[in-house]
Amino acid sequence: MTDRVLDRLAHDLGVQPSALAFLEGVDAAALQRLHAAVVDTRERADRDLAAAFDGTIRLVPRPLRGRVRRLLTGS
Amino acid sequence: MSLLSRMEVRRLARELHVDADELDDLETVAPEDLRTLRGLVGDTLQRAHRPAFRRAVAVTALLPAPLTARLSQTVVGPWLSARIAAEMPPDRSARLASHLDTSFLADVCLSLDPARVADTVASLSDDQVVAVGLELLARGEHDTLGKFVDVVRPAVVDAVADQVDDPVALLHIAAAIEAPERLDEVVDRIPDERLAELLPAAAEHDELATALAVASQLGPDNQRRIVSLASDAGPEFLDALVAAATAEQAWGSVMELLRAVDADAGD
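Residues numbered from 1 in each chain as written. Chains lettered and ligands numbered in written order. Predicted model: local features only at pLDDT ≥ 70, side-chain atom pairs only at ≥ 80, totals over all residues. Heavy atoms only, no water.

J.: What's the story with the overall build of chain B in this structure? I'm lost.
T.: When its secondary structure is counted, chain B shows 17 helices and zero strands. What you see for chain B is a C-alpha radius of gyration of 20 Å, in line with the 18 Å of a compact globule of 267 residues. Dimensions of chain B, computed from C-alpha atoms along their principal axes, come out at roughly 65 × 40 × 35 Å. Of all intrachain contacts in chain B linking residues separated by at least 6 positions in sequence, the fraction that spans at least 24 positions is 81%. With an accessible surface of roughly 12000 Å², chain B has 52% of that area assigned to carbon and sulfur atoms. Within chain B, the 47 negative side-chain charges are centred at a point lying 11 Å from the centre of the 24 positive side-chain charges. (Helix = DSSP H or I, 4+ residues; strand = E, 2+ residues; numbered from the N terminus. Rg over C-alpha atoms; globule rule 2.2 N^0.38 Å. Contact = heavy atoms within 4.5 Å. Areas by Shrake-Rupley, 256 points an atom, 1.4 Å probe, with all protein chains shown as cover. Lys, Arg positive; Asp, Glu negative; His and termini not counted. Charge placed at Lys NZ, Arg CZ, Asp CG, Glu CD.)

Put into structure tokens, the structure is as follows:
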């Protein structure tokens, strides 16, 4: 199980599993918590970015709003 | 488990918005490997959202800096601001920073990898960087202060260090400095009287293992200073040092210090 978690973690971190060889002695449950934290943080950033972009579009002065929307959302 | 590993786990936990307790099994990993892991995690999070961060940077070119600052503080928040700042031209982020509250900048620092914004920090006035440093000091954010020592000017380090009244706080800041050569430069500028206060304070607050971890990273001249001051601190202090080295499995650090003295004796 440890190896599979390490493989998934390595994949998500964009490295070969061998680059994380120093984690091989760590308990599988602990690696699972680490991997979950990485995934959660990335998803949280997605949500926070969406909220920040919405807020920015809402708060910029009206004459700039269209350009700002296009820059942030592409639409 | 070492103090430096524990510190690295705390930093990783902060990066990942989790309690350090959730990751405490990682404390068995060597600190340099944990630093590598933290770097990989930071790179991954930055890379995953880089296109969005760069779109945000494009907007900052369109808006006046005071408005961008207000948006950063009200809707973007410190964690995202830190990551967007890492994609911004340093002169623009420095201009923006001049419109941000010191308290918000301190929040941003908690989420920043100093290496990503070294050029921006270099573009800020010393007064502003010192103000942020003092805010972090007031909050007890010694780890973050230590991390930033690597990228701020020595005058800034001195100005903040002068305001550190608590010797144990100074020790915690020193322990968080990542580059041993910068740590050595900082300790070089601490007078003997202040270092002499630090050792008994470390013993009193059960922080001798931290002191040993810091001392083991110093250059030979400063290691000899520490050993000399420790020798002058009396037998009770030396007993406490031996007990701490045993309890924290820190004899490697002690041997490192003794080697510096041996080398001196052999000169």
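Structure's up, so let's keep going.
J.: Can you walk me through the interface of chain A and chain B in this structure?
T.: It is common to give the size of an interface as the accessible area that goes away when the parts come together. On the chain B side, the residues contacting the 33 residues of chain A number 35 residues. Here chain A meets chain B over a buried area of about 3000 Å², counting both sides, of which 79% is carbon and sulfur. At the surface where chain A touches chain B, the tally comes to one salt bridge. A salt bridge links Arg-33 of chain A to Asp-25 of chain B; the nearest nitrogen and oxygen atoms lie 2.8 Å apart. Counting residues per element, the ones that place at least two in the side of chain A that touches chain B are helix H1 (2-13), helix H2 (28-59) and helix H3 (62-73) of chain A. The element that contributes the greatest number of residues to the side of chain A that touches chain B is H2 of chain A, accounting for 17 residues. For the side of chain A that touches chain B, a count of residues per class yields 21 nonpolar, four polar and eight charged. (Buried area = accessible area lost by both parts, 1.4 Å probe. Salt bridge = Lys/Arg side-chain N within 4 Å of Asp/Glu carboxyl O. Nonpolar A, V, L, I, M, F, W, Y, C, P; charged D, E, K, R; others polar.)

J.: Please clarify how the layout of surface pockets should be interpreted in this entry.
T.: The method is simple in principle: a probe with the dimensions of a water molecule rolls over the atoms, and the space it marks as empty is what remains. Residues and elements named next belong to chain B. Reported here for the second largest pocket is a volume of approximately 320 Å³. Around the second largest pocket sit 21 residues that line it, and Arg-38, Asp-113, Pro-114, Lys-147 and Glu-178 are the ones nearest its centre. Of all the elements in the fold, those that place two or more residues in the lining of the second largest pocket are helix H1 (3-15), helix H2 (31-48), helix H6 (102-111) and helix H9 (142-148). Taken together, the residues of the lining of the second largest pocket break down into five nonpolar, four polar and 12 charged. (1 Å grid on protein atoms, 1.4 Å probe; cavity = no way out; pocket = protein on both sides within 12 Å on 5 of 7 lines; lining within 4 Å. Points joined across faces, edges and corners; volume = space filled by probe spheres on them.)

J.: Looking at this structure, I do not really get the packing of aromatic side chains. What am I missing?
T.: Per the counting criterion, the structure on display carries zero aromatic pairs over all chains. The residue whose ring lies beneath Arg-83 of chain B is Trp-79 of chain B, and the NZ or CZ to ring-centre distance is 3.9 Å. (Phe/Tyr/Trp six-rings, centres within 6.5 Å; stacked < 30°, edge-to-face > 60°. Lys NZ or Arg CZ within 6 Å of the ring centre and 35° of its normal.)

J.: Would you mind showing me how to read empty space enclosed by the protein here?
T.: Residues and elements named next belong to chain B. With the rule as written, the count across this model stands at two cavities of 30 Å³ or more. Space inside the second largest cavity adds up to approximately 70 Å³. Lining the second largest cavity are Glu-15, Gly-42, Gln-46, Ala-82, Arg-83, Ala-86, Ser-111, Leu-112, Asp-113 and Arg-116. Sorting the residues of the lining of the second largest cavity by element identifies H2 and helix H4 (65-85) as the ones contributing at least two each. Per-class residue counts for the lining of the second largest cavity are three nonpolar, three polar and four charged.

J.: So what exactly am I meant to see when it comes to the pattern of salt bridges here?
T.: Side-chain pairs of opposite charge can arise where the charged atoms are in close proximity. Residue and element names in this part refer to chain B. The full count for this structure, using the stated rule, is 20 salt bridges over all chains. Between Arg-54 and Glu-87 there is a salt bridge, and its shortest N-O distance comes to 3.0 Å. Here Glu-87 lies in the loop between H4 and helix H5 (90-97) and Arg-54 lies in helix H3 (residues 50-62), a separation of 33 residues in the sequence. On the accessibility criterion, Arg-54 (48% relative accessible area) is partly exposed. According to the relative accessible area criterion, Glu-87 is buried, its value standing at 15%. Several salt bridges converge on common partners, so that one network encompasses Glu-8, Arg-11, Arg-35, Arg-38, Asp-143 and Glu-178. (Buried < 20%, exposed > 50% of the residue type's maximum accessible area, 1.4 Å probe, protein only.)

J.: Looking at this model, I keep getting lost on the environment of Asp-33 of chain B. Mind explaining?
T.: Within the element layout of this structure, Asp-33 of chain B appears in helix H2. In the structure, Asp-33 of chain B is positioned 36 residues away from Ala-69 of chain B in sequence and 37 Å away in space, judged by C-alpha atoms.

J.: I'm lost on helix H15 (residues 220-232) of chain B in this one. Help?
T.: Along an α-helix, a turn takes 3.6 residues, which lines up residues three or four apart on a common side. Residues and elements named next belong to chain B. Compared with the 18 Å implied by 1.5 Å per residue over 13 residues, the 18 Å span of H15 between its first and last C-alpha is a close match. Looking only at H15, the buried set comprises Asn-222, Gln-223, Arg-225, Ile-226, Val-227, Leu-229 and Ala-230. One or two residues past the end of H15 sits Gly-234, with phi positive at roughly 100°. (Expected span 1.5 Å × (residues − 1).)

J.: Honestly, the environment of Met-255 of chain B in this entry has me stumped. Any pointers?
T.: Considering the arrangement of structural elements, one finds Met-255 of chain B in helix H17 (residues 251-266). What makes Met-255 of chain B partly exposed here is its relative accessible area of 42%.

J.: Would you mind going over the environment of Asp-143 of chain B with me for this structure?
T.: Residues and elements named next belong to chain B. Counting through the fold element by element, Asp-143 comes out in helix H9. The exposure class assigned to Asp-143 is buried, which follows from its relative accessible area of 17%. In this structure the C-alpha to C-alpha distance between Asp-143 and Ala-174, which are 31 residues apart in sequence, comes to 8.6 Å. Discounting residues that sit within four places of it in the chain, Asp-143 has contacts with Met-7, Arg-11 and Ala-176.

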